[in-house]
Amino acid sequence: MAGITVTGVARSFGEVHAVRDASFEVAPGSVAGLIGPNGAGKTTLLLMLATLLAPDAGTIRIAGYDPVTEPHQVRRRMGWMPDVLGSWPTLSVRAALTTSARMYGMGADEASARAQQLVELVDLVPLAEQATRVLSRGQKQRLSLARALVHDPEVLLLDEPASGLDPAARAELRELVRRLAGEGKTILVSSHVLAELEEMADSAVYLAAGATAAPEEVARAGRSARHWRIRSLDAERLVSALGDAGFGEVAVVDRFGAVVPLTSEPDAAQLLAHLIGSGVPVSSFAPAVGDLEHVFHDLNRAGDDA
Amino acid sequence: MIGFFQGMWLIVALDLKQRVRGVAWYVLLGVFVLLVTIVTVLVVIATNAWDSGGGAVFSTVVFFVLLLGTLVSPALSGNAINGEREAGTLATTQVTLVTTAQLVVGKWLAAWITALAFLVASVPFLVFGVVLGEVSASTIAVSLVVLAVEVGVIAAIGVGLSGVIARPLFSVVVTYLVVAALSIGTLIAFALGGAAMQSTVHSTYISVDYEALDDSGQIPDGDEVPCLAPVVSEYPTPRWDYVWGFLAANPYVVVADASPGTFDEHGSPRDLFGWIAVGVRQAQHAPDLETTYDECADWRKYGAYGYGGPGEGETPKEVYERSVPSWFVGLSIHVLLGAGALAWAWRRTEVPVKRLAPGSRIA
């Protein structure tokens, strides 16, 4: 399979084991979220995928090539957006993109045409002739994304692409990522904003303390009890109906409504039917946190308990 | 695949584009021209160059350009690679098809070209020295070429160290220390080394017995020259011939020694460069550890109060010509140093990184 395949990858820096055991696959045409707490080894893992760092153990395949032995082939096909915002400060946005394109072997005309396309794509047209040092954090982030796309790579590695972006730019990023996946590209996105990943990722890679969670662990975490938020136009009736259903003890009631732990989706459906049947005017009935966040917290808790 | 020169030139162009947009560089160039102007004017006044020719002006300006070049070059090159790493632009270049070798060589060429701008700015002053006369075209050409190479070596050391040492400030300082070691350290090593490794000279003196001379100080008729027994005295002498390599590695000596020596009819050098060259080459030769001064023999040969006369001792020109051209040795040492520094930087900057020094980072 092309795309990204990572098997048993480990990397330590002296005594620090940044990545201990990472294994996952991302299929072409899909978006995977790379999720983990700070210091879990996300950036180290991405550096290894981006041909910058050699793993101590394990194998990596990017678009079918090994980043250690065939970095050149990988670089041709891989676009990397780093978490550190680096740009040549005195060059204009357009010049920076043209230079990047030329570094991928494009001719002068082709490179400037590509720069123009990208400037339009990431909405930096009004700033195209400005020096990159005057850009705001979010604008630099967009420039960085454009640079990762400059050679139309089939595999994209995005390290915290949404940080510093305003809500409109985030929505555009989401659309862009989905569109690129639709074109058959393989995309790995790391982010802390789980709600955001939820909307663009097809699958998730959970990384905690340098190790990826096994699929069965993820499945189990997904099945564990989670919180559902219920809102009603009539709070008192909601509370009494929850009491009737046996949730009086565990429900947390606040001024927005109630939060109830439920083990599974059928349980949720049953409770909703009960509430409606009791005549509670329910205006909202949804998981309090997204799927990714739920699994993330659950795995972290499991990690802490262990 | 991206061609080696194409990729390297991209890095050079990128680096130069960023430099020329900064104000600092122009200020530095302006200060440089101002200083060279002041020095030239002072030297012209001091040496009375309008009458005595431009040799002194020329050699002083060349040395001054070398001094400023070696002072400016570390600042221009000493943060080439680790500065980019700090700015977060190194890794984004390394994930492109530009190879590490192209990156390192490109950075070096850019730093060199920038430093050469200072050399170009000094050309009017050198031409002025030439116009005053008495400087040969070959001296000018050779001095400029060697000057350019020396500045390139400093640039290579600076870029090399910037690839080896993680922190920009530290690598710039170390580059300055290397320049100081070459410019001043070699002189100290030469002086101390030579003085420490001394040999004993056995000097034999055979004197005329003045007591045996007649009243007018002449040998009594028909007699042999009256001689005293040989007196042997011992004294230590420094062995410069063991340590002349240090002196050869001095960039000022390289520039001076490389310019073709011109000598007057007595075999004495015509300019400052020539005197330095003769001095350095003289140091290559082992001192004569068994010297004999036979006054008696001289008396027999030349008569009373005779002496060896001209032709006995070597002229500077003869010393110059029978010695190894030390600039060649010095320049080879420098070029090896520079190339070594670049190679080291290449190895340390190569990705994917296998062994990462503590405290350094990739992106």
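Residues numbered from 1 in each chain as written. Chains lettered and ligands numbered in written order. Predicted model: local features only at pLDDT ≥ 70, side-chain atom pairs only at ≥ 80, totals over all residues. Heavy atoms only, no water.

Novice: For this particular structure, what's the right way to read the overall build of chain B?
Specialist: Broken down by element type, chain B carries 15 helices and three strands. On C-alpha atoms alone, chain B measures out to a radius of gyration of 28 Å, which is more than a quarter above the 21 Å that the 2.2 N^0.38 rule sets for 363 residues. Taken over the C-alpha atoms alone, chain B extends approximately 100 × 50 × 30 Å along its principal axes. Relative to all contacts within chain B whose residues are 6 or more apart in sequence, the contacts with residues 24 or more apart total 83%. (Helix = DSSP H or I, 4+ residues; strand = E, 2+ residues; numbered from the N terminus. Rg over C-alpha atoms; globule rule 2.2 N^0.38 Å. Contact = heavy atoms within 4.5 Å.)

Novice: Is there a simple way to think about the interface of chain B and chain A in this case?
Specialist: Many authors give the size of an interface as the accessible area that is lost as the parts come together. Counting from both sides, the interface comprises 30 residues of chain B and, opposite them, 31 residues of chain A. Both sides of the chain B and chain A interface together cover about 2,800 Å² of buried area, and 67% of this is carbon and sulfur. When the buried area of chain B at its contact with chain A is split by residue, Val95, Leu97 and Pro352 of chain B rank highest and sum to 23% of it. Our enumeration of links across chain B and chain A arrives at zero salt bridges. Counting across the interface, chain B meets chain A through seven residue pairs in polar contact (both at pLDDT 80 or more). At the level of elements, α1 (4-20), α5 (80-87) and α6 (90-94) of chain B are the ones that each hand at least two residues to the side of chain B that touches chain A. Here the side of chain B that touches chain A is built from residues that sort into 16 nonpolar, nine polar and five charged. (Buried area = accessible area lost by both parts, 1.4 Å probe. Salt bridge = Lys/Arg side-chain N within 4 Å of Asp/Glu carboxyl O. Polar contact = N/O pair within 3.5 Å; in protein donor to acceptor, adjacent residues only side chain to side chain. Nonpolar A, V, L, I, M, F, W, Y, C, P; charged D, E, K, R; others polar.)

Novice: Which parts of the structure should I look at to understand the domain arrangement of chain B?
Specialist: Looking at chain B, the domain boundaries give domain 1 (4-175 + 329-349) and domain 2 (200-236 + 288-310). For domain 1 of chain B and domain 2 of chain B, the distance between their C-alpha centroids amounts to 58 Å. (Domains from an automatic or database assignment.)

Novice: Whenever I open this one, the pattern of salt bridges confuses me. Can you help?
Specialist: Side chains carrying opposite charge are able to pair once their charged atoms draw close together. Residues and elements named next belong to chain B. For the structure on display, the rule yields 13 salt bridges over all chains. Arg19 is the salt-bridge partner of Asp15, the closest N and O atoms lying 2.9 Å from each other. Here Asp15 pairs with Arg19, and both are found in helix α1, just four residues apart, close to one helical turn. Per residue, the accessibility class of Asp15 equals that of Arg19, and both read buried. When salt bridges with common partners are traced through the structure, they connect Asp15, Arg19, Glu84 and Lys107 into a single cluster. (Buried < 20%, exposed > 50% of the residue type's maximum accessible area, 1.4 Å probe, protein only.)

Novice: Please explain the packing of helix α9 (residues 168-196) of chain B against helix α10 (residues 240-248) of chain B as it appears in this structure.
Specialist: Residue and element names in this part refer to chain B. At a closest axis distance of 8 Å, the pairing of α9 and α10 adopts a crossing angle of 175 degrees. With respect to α10, the axis of α9 lies roughly antiparallel. Contact with α9, carried on its side by Thr186, Leu187, Ala189, Phe190, Ala191, Gly193, Gly194 and Ala195, involves Trp240, Val243, Trp244, Phe246 and Leu247 of α10 and no other residues of that element. Residue classes in the contact of α9 with α10 are distributed as 10 nonpolar, three polar and no charged. (Axes fitted to C-alpha atoms, helices over the stretch in contact; angles between N-to-C directions. Parallel < 35°, antiparallel > 145°, perpendicular 65-115°, else oblique.)

Novice: Looking at this structure, I do not really get the packing of helix α8 (residues 137-164) of chain B against helix α15 (residues 326-349) of chain B. What am I missing?
Specialist: If you want to describe how two helices pack, look at the angle between their axes and the distance between the axes. All names here are of chain B. Running from amino to carboxyl end, α8 crosses α15 at an angle of 25 degrees, the nearest separation of the two axes being 8 Å. Relative to α15, α8 is oriented roughly parallel. For α8 against α15, the interelement crossing comes out left-handed. Residue-level contacts link Val149, Glu150, Val153, Ala156, Ile157, Val159, Gly160, Gly163 and Val164 of α8 to Leu331, His334, Val335, Leu337, Gly338, Ala341, Leu342, Trp344, Ala345, Arg348 and Thr349 of α15. Residues that form the contact of α8 with α15 fall into these classes: 13 nonpolar, five polar and two charged. (Left-handed = near helix turned anticlockwise from the far one by under 90°.)

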